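Architecture and fold: a report
The residues making up each chain are set out below.
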Amino acid sequence: MLIRSFRLGDYVHITRIWQETGLEQTETETLDALAKQLAWDSDLVMIAEHEGEVAGVIVGTIDGTRGYFYRLAVNPGLQGMGIGRKLVEALEKRFKERGVTRVFIMVNQDNKKVLPFYSLLGYEVKEYITLSKKLTPNTDTE
């Protein structure tokens, strides 16, 4: 297995994995979010290859000494082989190299099946309340 940085040709493969795992919102939102992260720091978008094929993806970002990751996804047919763990470990290594001292992830509260996975990697559930509001572009012509 090879863990490497994202390449442009990976986009079609990772969007398929996101679709198959239920992580893709809309194609436009997905492309916009990925483009912003790639422009900010492309080394924090990491790909796992298994037998020459894209098998998984993780997207990370840094804010000061805090690292965040989201959109960890592994091809459903290859889950259970340690690919997700290797992606998290590789991203954590890049975080450490850049001075990150704490890593945060957000998991949908309805997605209870991923909690044991993160627990095995040393992550602890912390109680936070997250509020969200989608803002639409201002259409005032004044």
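Here the structure is a predicted model, which means the values were calculated and not measured. (Residues numbered from 1 in each chain as written. Predicted model: local features only at pLDDT ≥ 70, side-chain atom pairs only at ≥ 80, totals over all residues. Heavy atoms only, no water.)

**Remarks on the nonpolar core**
- If you look at the biggest cluster of nonpolar residues, it comprises 19 residues, and the most contacted ones within it are I58, F69, L72, I83, L87 and L91.
- Of all elements in the fold, only strand 2 (45–50), strand 3 (53–63), strand 4 (66–74) and helix 3 (83–97) reach the threshold of two or more residues within this core.
- Residue contributions to this core peak at 6 residues, all from helix 3.
- Apart from residues lying up to four places away in sequence, L91 is in contact with L44, M46, I58, G60 and F69.
- F6, Y11, V59 and A73 belong to the second largest nonpolar core, which has 11 residues in total. (Core = buried A, V, L, I, M, F, W, Y, C linked by side-chain atoms within 4.5 Å. Buried < 20%, exposed > 50% of the residue type's maximum accessible area, 1.4 Å probe, protein only. Helix = DSSP H or I, 4+ residues; strand = E, 2+ residues; numbered from the N terminus. Contact = heavy atoms within 4.5 Å.)

**Let's talk about a nonpolar patch on the surface**
- There is a patch of nonpolar side chains on the surface, built from V107, L115 and V125 and spanning about 220 Å² of accessible area.
- Position of V125 relative to the elements: it lies in the segment after helix 4 (115–120). (Patch = residues over 30% accessible without salt bridge, like charges linked within 9 Å, V, L, I, M, F, W, Y side chains within 5 Å. Areas by Shrake-Rupley, 256 points an atom, 1.4 Å probe, with all protein chains shown as cover. Salt bridge = Lys/Arg side-chain N within 4 Å of Asp/Glu carboxyl O.)

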